[in-house]
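For reference, the chains in residue letters:
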Amino acid sequence: MIAGTTLGEAVVGTASSASTASAGQWLAALPVLALAVAVVLAPGLAVGWALRLRGVLLVSAAPALTVAVVGACSLVTPLAGVRWGLGPVAAGTLLVAGAAALAGRLVPRLLRRRLPAPPPAAPQGRSVAALLAGTAIATALAVATSVRGLGRPDVVSQAFDTIFHLNAVRRVLDTGSASPFDVARLTSPQSGGFYPSAWHGLAALVAGPTSPVLASNALVAVVPGVVWALSAASLVRAVLGPRPLPMLLAPVLAQGFVAFPWYVDRGGLWPFVLGTALVPAVLGGLALAAGGRGSPGPPVPGERPRALVVAAAAATGCALAHPGAFFVVLLLTTVLAVVSVLPALLLPWRGARQHGVVLLVAALTVLGAAGAVVLAWPSLRGMATADWPATRSVARAVAEALRGAPASSGAGWLVGVLVLLGAVRACTRVRWRWLVVGHVVVAALDVLAASVDSPLSSALTAPWYNDRGRLAASLPVTGVALAVLGTCWAGAAAARAVRAPARARRAVRVVAVLVALGAAVPQVRGNAAQLAKSNVDAAEHPRNSLVTLAEQRFLERLDRYVPEGDVVAGTPWDGSAFAYALSGVEVLYPHLRGNYPDDWVFLADHLQDAGVDPAVCPVLERNRVRWVLDDGPLWRPPRLEPAGYTAFRAFQGRPGFEPVAAGGGVTLYRITACG
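Residues numbered from 1 in each chain as written. Predicted model: local features only at pLDDT ≥ 70, side-chain atom pairs only at ≥ 80, totals over all residues. Heavy atoms only, no water.

Undergrad: Can you break down the overall build of the protein residue by residue, with the values?
TA: Within the protein one finds 27 helices and five strands. Looking at the protein alone, contacts between residues at least 24 apart form 76% of all its contacts between residues at least 6 apart. Accessible surface, the protein as shown: approximately 26400 Å² in total, 65% of it carbon and sulfur. (Helix = DSSP H or I, 4+ residues; strand = E, 2+ residues; numbered from the N terminus. Contact = heavy atoms within 4.5 Å. Areas by Shrake-Rupley, 256 points an atom, 1.4 Å probe, with all protein chains shown as cover.)

Undergrad: Report on the state of the cysteines, specifying residues and quantitative values.
TA: Evaluation of the coordinates by the stated rule reveals one disulfide. Shown here is the disulfide that connects Cys-617 with Cys-674, its sulfur atoms set 2.0 Å apart. Taking the torsion about the S-S bond as the criterion, the Cys-617 to Cys-674 disulfide, at about -90°, is left-handed. Note that Cys-617 is positioned in helix H27 (residues 616–622) and Cys-674 in the segment after strand S5 (666–671), a separation of 57 residues in sequence. Since its relative accessible area comes to 15%, Cys-617 is described here as buried. (Disulfide = S-S within 2.5 Å. Buried < 20%, exposed > 50% of the residue type's maximum accessible area, 1.4 Å probe, protein only.)

Undergrad: Tell me about the packing of aromatic side chains, and name the residues and values.
TA: Applying the stated criterion across every chain, the model contains 13 aromatic pairs. Considering the side-chain rings of Phe-164 and Tyr-195, the 4.8 Å spacing of their centres and the 50° angle between planes classify their relative orientation as tilted. In this pair, Phe-164 is assigned in helix H7 (residues 160–175) and Tyr-195 in the loop between helix H8 (180–183) and helix H9 (198–207), connecting sequence segments 31 residues apart. Exposure remark for Phe-164: the relative accessible area of 7% places this residue in the buried category. Ring plane angle 25° and centroid distance 5.2 Å describe the contact between Trp-199 and Trp-270, whose orientation is recorded as stacked. In this pair, Trp-199 sits in helix H9 while Trp-270 sits in helix H13 (residues 270–290), placing the two residues 71 residues apart along the sequence. Through a chain of ring-to-ring contacts, three or more aromatic side chains come together here, namely Tyr-589, Tyr-596, Trp-600, Tyr-645 and Phe-648. For the cation-ring pair, Arg-54 lies above Trp-49, with the distance from its terminal atom to the ring centre recorded as 3.5 Å. The ring of Phe-272 is capped by Arg-470, whose NZ or CZ atom sits 5.8 Å from the centre of that ring. (Phe/Tyr/Trp six-rings, centres within 6.5 Å; stacked < 30°, edge-to-face > 60°. Lys NZ or Arg CZ within 6 Å of the ring centre and 35° of its normal.)

Undergrad: Explain a positive patch on the surface residue by residue, including any values.
TA: A contiguous patch of positive charge, built from Arg-126, Arg-505, Arg-506 and Arg-509, is present on the exposed surface. Residue contributions to the positive patch peak at three residues, all from helix H22 (residues 501–520). With relative accessibility at 65%, the residue Arg-126 sits in the exposed group. (Patch = residues over 30% accessible without salt bridge, like charges linked within 9 Å, V, L, I, M, F, W, Y side chains within 5 Å. Salt bridge = Lys/Arg side-chain N within 4 Å of Asp/Glu carboxyl O. Lys, Arg positive; Asp, Glu negative; His and termini not counted. Charge placed at Lys NZ, Arg CZ, Asp CG, Glu CD.)

Undergrad: Give a description of the packing of H9 against helix H10 (residues 212–240) that names residues and reports values.
TA: Packed helices, taken two at a time, are described by the angle between their axes plus the distance between the axes. In contact at an axis separation of 8 Å, H9 and H10 are set at 120° when each is read in the N-to-C sense. Handedness of the H9/H10 crossing: right-handed. From H9, Trp-199, Leu-202, Ala-203, Val-206 and Ala-207 reach across to H10, where they touch Pro-212, Ala-215, Ser-216 and Leu-219. (Axes fitted to C-alpha atoms, helices over the stretch in contact; angles between N-to-C directions. Left-handed = near helix turned anticlockwise from the far one by under 90°.)

Undergrad: Give me the side chain of Asn-167: which residues, what numbers.
TA: Residue placement: Asn-167 occurs in helix H7. Apart from residues lying up to four places away in sequence, Asn-167 is in contact with Leu-186, Ala-577, Tyr-580, Ala-581 and Pro-590.

Undergrad: Account for a nonpolar patch on the surface, naming residues and giving values.
TA: On the surface, Leu-75, Val-76, Phe-181 and Phe-194 cluster together into a nonpolar patch covering about 370 Å² of accessible area. Within the fold, Phe-181 resides in helix H8.

Undergrad: Before we move on, could you go through the packing of helix H4 (residues 55–80) against helix H6 (residues 125–150) and cite the residues and values that matter?
TA: The interhelical angle for the contact between H4 and H6, taken along N-to-C directions, is 25°, at an axis separation of 8 Å. By the angle between their axes, H4 is roughly parallel relative to H6. Where H4 crosses over H6, the handedness of that crossing is right-handed. Contact with H4, carried on its side by Gly-55, Val-56, Val-59 and Ser-60, involves Ser-127, Val-128, Leu-131 and Leu-132 of H6 and no other residues of that element. When its residues are assigned to classes, the contact of H4 with H6 shows five nonpolar, three polar and no charged. (Parallel < 35°, antiparallel > 145°, perpendicular 65-115°, else oblique. Nonpolar A, V, L, I, M, F, W, Y, C, P; charged D, E, K, R; others polar.)

Undergrad: Tell me about unusual backbone geometry, residues and numbers included.
TA: Of the consecutive residues Phe-260 and Pro-261, the connecting peptide bond is found in the cis state with omega at 5°. Here Pro-261 shows up in the loop between helix H11 (244–253) and helix H12 (262–265). The phi torsion at Arg-52 lies on the positive side, around 70°, for a residue other than glycine. Here Tyr-645, not a glycine, exhibits a phi torsion of approximately 55°, which is positive. Within the secondary structure, Tyr-645 sits in the loop between strand S3 (625–630) and strand S4 (657–663).

Undergrad: An account of the pattern of salt bridges is needed here, citing residue identities and associated values.
TA: Counted by the stated rule, this structure contains 12 salt bridges. Residue Arg-553 is joined to Asp-154 by a salt bridge in which the shortest nitrogen-to-oxygen separation is 2.5 Å. Remark: Asp-154 occurs in the loop between H6 and H7 and Arg-553 occurs in helix H24 (residues 549–556); sequence separation between them is 399 residues. Each of the two residues, Arg-553 as well as Asp-154, counts as buried. Close ionic contact of Asp-609 with Arg-654 constitutes a salt bridge, the shortest N to O distance being 3.0 Å. Taken as a pair, Asp-609 in the loop between helix H26 (598–606) and H27 and Arg-654 in the loop between S3 and S4 lie far apart in primary sequence, 45 residues in all. In the salt-bridge network here, residues are joined through shared partners; they are Arg-152, Asp-154, Arg-553, Glu-556 and Arg-557.

Undergrad: Explain the sheet that holds S5 residue by residue, including any values.
TA: The strand order across the open sheet built from five strands is S2-S1-S3-S5-S4, with neighbouring strands paired in mixed fashion. Of all the strands in the sheet, the pair left with one neighbour each is strand S2 (586–587) and S4. With two bridges connecting them, strand S1 (residues 567–569) and S2 associate as parallel partners. Bridge pairing in S2 places Val-567 opposite Glu-586. In the packing of H24 onto the sheet, contacts are made with S3, S4 and S5, and the angle to S5 comes to roughly 35°. (Pairing = 2+ DSSP bridges.)

Undergrad: Help me get a handle on H7, residues and values and all.
TA: Since there are 3.6 residues in each turn of an α-helix, residues three or four apart along the chain are aligned in direction. Between its terminal C-alpha atoms H7 stretches 24 Å, which fits the 22 Å expected from 16 residues at 1.5 Å a residue. Every buried residue of H7 is accounted for by Thr-162, Ile-163, Phe-164, His-165, Leu-166, Asn-167, Ala-168, Val-169, Arg-170 and Val-172. Residue Gly-176 follows H7 closely and has a positive phi angle near 75°. (Expected span 1.5 Å × (residues − 1).)

Undergrad: Describe in detail the environment of Arg-670, supporting the description with residues and values.
TA: Here Arg-670 is to be found in strand S5. The spacing of Arg-670 and Tyr-561 is 109 residues in sequence and 9.7 Å in space, taken between C-alpha atoms. When sequence neighbours within four positions are dropped, the list of residues in contact with Arg-670 reads Arg-626, Trp-627, Gly-656, Phe-657, Glu-658 and Val-660.

Undergrad: How would you summarise the pairing of S3 if you had to cite specific residues and measurements?
TA: Of all six residues that make up S3, five are buried, and the element is covered over most of its length. Sheet analysis places S1 next to S3, joined by three bridges and oriented parallel. In the strand pairing of S3, Val-568 is matched with Trp-627. In this sheet, S5 lies alongside S3 in antiparallel orientation, the contact comprising four bridges. Note that in S5 the partner of Trp-627 across the bridge is Arg-670.

Encoded structure:
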């Protein structure tokens, strides 16, 4: 009998194959969700208020400002010798808010000496209330999607990228550093590098009192329900002004797209989701800052320069979250500058000084985008080698782009129809046409990635690893604004049948809200089905599951057997790598692939010979490897086969390895060959 088996099985208990959770488990997770909401909103609201943002702009910009603050703190805290946590981020927020308050006072004073004072701003209380109501609905829909798709609030997502991201959060907690230079050392311990870590910093703040898994799953709901919803409202505010109806519709319709975030969320691409969720805030800030002929509503005092600050902060957040999202910013910002801002300079417009300012902003935008592409070109060439093969005909890829449903992912037709209606409506106004052009450009890249295998296609889609899923996820960035335009247009058309003006206005609101709810609420089921593919549906499937719930429960308590300071080896292809995120016990291989030292590469092929080859034990001692995990069958997802780590399929039964504990299909061995 294996020593410790009884204890191991007691740890796992009688965990059934079901991965669903009771309502009580989700209710118990509400404090974690609330903490996640506070983390993504509080720093941004404080900085925005100090910057004298008010009304819709303050609320909608809060997540973008938060990510920028968190990203800046992640770079500064290691230099200051301070451990990562809520306290240092709060202190950093106060410092940034102080600087913002000073700038908020000085810049408008300088501008008033040269520019006439703008008219007083109209109150936005109703618009803010509408935005908050819409965001509450969006959050409820995102939580409902997460409950259906995850099954449990504490379950591990069965995806390639999940291993790295969960272990990176644990590394932030252990090392006290969320710097992108330190996070990169998880899989490149010798060479290091730069890995955007804004998401990992946020997740570690939420995970402090809980765990990386609970924190990550909380962000799975909060990023779509709060960050994405408010960011979408930021762009809609720049397009349609801070009117109550668009502010209510934008967060709700943002939940009606399966392509983003749920299609990519299922793959554990959490940093990409966070970065892409901020892209509308960048575009909204730039569009509002540029202003121009036909801008909606009267200007708010000092709003344009502050909107430019929001755009810069959101762009910084994108860059510190994921480079793919930042390239979406560069692409759509260039479209905005070329299609909207520059032609506006050729039309009758007031103020030669404004001509110069807008021309400067547009020129710097285009030059900045071109410069970023040039600087990143060596990396882009490497990214282009990660080519995903074409799987669709051109006609089918175009149809999927129109529906916003990559790979037949189950999107509803209604939101696609609203986007098309909005595109038709946008073509009638100069200031809206860039949305259509941007949408078409991203859709064309999506179609290229999905249906064409060629050097040109690889070069054009390299910033997104030639992955049509990531490109399709970028379509809702402009799609939300177009869908709001289409919904308002549909409501206005319905109101024309009503003669009384008061009833007509009421009819517009009622029809628009019903259409938005009709597009978003039924989509919860389809969105959850996508999320479930790497969660509920995969949790107990031997081929698709990295760790079953029973295996997870055993790994969570691995520190009961392994002393602090010891390292556990095991092939990450059987889920052993999750041991670090789940228990805090250090593992030799924290991800499926990495730039690992020579010792680690040697052990991957020779560890099984520890009892017979004298060259193995010195390597084990140097790396503190005293334990080995066998987590059962290897993970074999579609289009991906396990590679390397041959030792961990051959050490069982060899001399020098003693089984110590087992449970849930996992066996822990002590290495006795080295004394």
